[in-house]
Amino acid sequence: MDKAAKLSKRKSVSYAKWGYLFILPFFLVYFVFTLYPQLLTFYNSLFENYMDGLTHVGPNFVGLGNFVKLFSPDATGSITIIKYFGNTVVLWILGALPQFIFALILALFFTSTRLKIKGQGFFKAVIYMPNLIMAAAFAMLIFGLFGNTGPINKMLVAANMPTFDFLAEKISVRGLIALMNFLMWFGNTTILLMAGIQGIDECLFESARIDGASSTRVFFDVTLPLLKPILVYVAITSMIGGMQMYDVPQVLTNGYGMPDNTSSTMVMLLNKYLNPSRNYGMSGAISVILFAITGILSLIVLKATNKED
């Protein structure tokens with residue numbers, strides 16, 4: 001190596017190490033506030049640790065005993081956690097499916113170059129506003145509207161029609177929970193889909209139209225395939241939120257999941273073990289199961305959407 005090359009190498013500065021310094025805060029926060037609690041939750045799930053009145057029982061190592069209890073049939077022969085999981089999936093699908101369809105229609109409507117809708121910023125703000133309302137406040141509003149003495153039943157009485165106990169029937173309670181989840185989240189989904197559509201090169205749409213493709217063919221052959229990454233992201237985040245559903249059914253049914261626990265979710269079951277017995281073992285086991293279910297369903301969504309044509 002000649003003298004000039006040695007001098008050039010000596011003067012060169014490597015900035016690679018600074019990249020690690022910039023990403024270090026993220027990993028510190030992740031390890032302290034996410035990874036450590038997750039590991040601690042799994043650790044607690046292996047122990048019997050709860051309050052029996054004023055007596056603290058445990059912690060006693062029971063291995064997978066808490067998981068065995070959760071999947072053991074009760075006096076009626078049903079497995080509680082499977083029932084709660086079924087409720088959670090049904091409530092999520094009832095709210096998410098119309099949300100995706102309605103949000104996609106709105107996104108296509110607002111991003112259409114043919115319609116050229118004015119005031120899109122205003123409409124974006126309006127459809128996103130329900131997302132800013134606290135879920136508990138939204139649930140209290142629906143509870144007040146559809147309660148036995150609420151304005152909906154008063155309107156039925158004024159119209160000489162029979163009143164209806166919306167909070168006593170399975171179909172109506174689930175419908176109200178799905179309605180609230182739909183109203184709160186369709187605006188957020190619409191904006192994400194709009195951003196995805198606007199990120200597609202307009203030349204592709206123009207080329208398809210020049211070739212004589214109809215609007216339907218353009219949607220299925222151009223828009224939908226290129227929008228798939230956003231759709232996958234929306235589906236997975238919606239599913240994670242659906243599996244963690246708690247505040248809306250908790251407030252609407254006053255924590256009872258009425259009628260007959262048909263609107264109780266997995267997180268509501270977890271909360272029942274935490275209050276008032278502080279059963280960290282059973283609640284930790286439910287958290288681990290919920291984490292595993294969410295991971296498996298996310299992988300299924302990714303595999304189903306990443307198949308080659």
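Refer to the structure printed above.
Right, let's walk through the structure included here. (Residues numbered from 1 in each chain as written. Predicted model: local features only at pLDDT ≥ 70, side-chain atom pairs only at ≥ 80, totals over all residues. Heavy atoms only, no water.)

**Some words on the pairing of strand E2 (residues 55–61)**
Argument step 1. For strand E1 (residues 47–52) and E2, the ladder comprises five bridges, and the chain directions are antiparallel. Within the sheet, the bridge partner assigned to Glu 48 lies in E2 and is Asn 60.
Argument step 2. The loop that links E1 with its antiparallel partner E2 comprises two residues; one of these, Gly 53, has a positive phi angle of about 70°. (Pairing = 2+ DSSP bridges. Helix = DSSP H or I, 4+ residues; strand = E, 2+ residues; numbered from the N terminus.)

**Remarks on the packing of aromatic side chains**
Argument step 1. Applying the stated criterion across every chain yields a total of 13 aromatic pairs.
Argument step 2. Measuring from ring centre to ring centre gives 6.2 Å for Phe 26 and Tyr 30, while their planes differ by 20°; the resulting arrangement is stacked. Placement of the pair is Phe 26 and Tyr 30 together in helix H2 (residues 16–44), with a separation of four residues, close to one helical turn.
Argument step 3. Overall, the relative accessible area of 54% leaves Phe 26 in the exposed class.
Argument step 4. With a centroid separation of 5.3 Å and an interplanar angle of 15°, the aromatic rings of Phe 182 and Phe 186 are classed as stacked. Taken together, the positions of Phe 182 and Phe 186, both in helix H8 (residues 170–198) and four residues apart, correspond to about one turn of that helix. (Phe/Tyr/Trp six-rings, centres within 6.5 Å; stacked < 30°, edge-to-face > 60°. Buried < 20%, exposed > 50% of the residue type's maximum accessible area, 1.4 Å probe, protein only.)

**Regarding the nonpolar core**
Argument step 1. Ranked by size, the top nonpolar core spans 19 residues in total, and within it Ile 142, Leu 176, Ile 177, Met 180, Val 248 and Leu 252 carry the most contacts.
Argument step 2. Those elements that place two or more of their residues in this core are helix H4 (80–110), helix H6 (135–146), H8 and helix H12 (247–252). (Core = buried A, V, L, I, M, F, W, Y, C linked by side-chain atoms within 4.5 Å.)

Without other data, these values stay purely geometric and don't point to any function.
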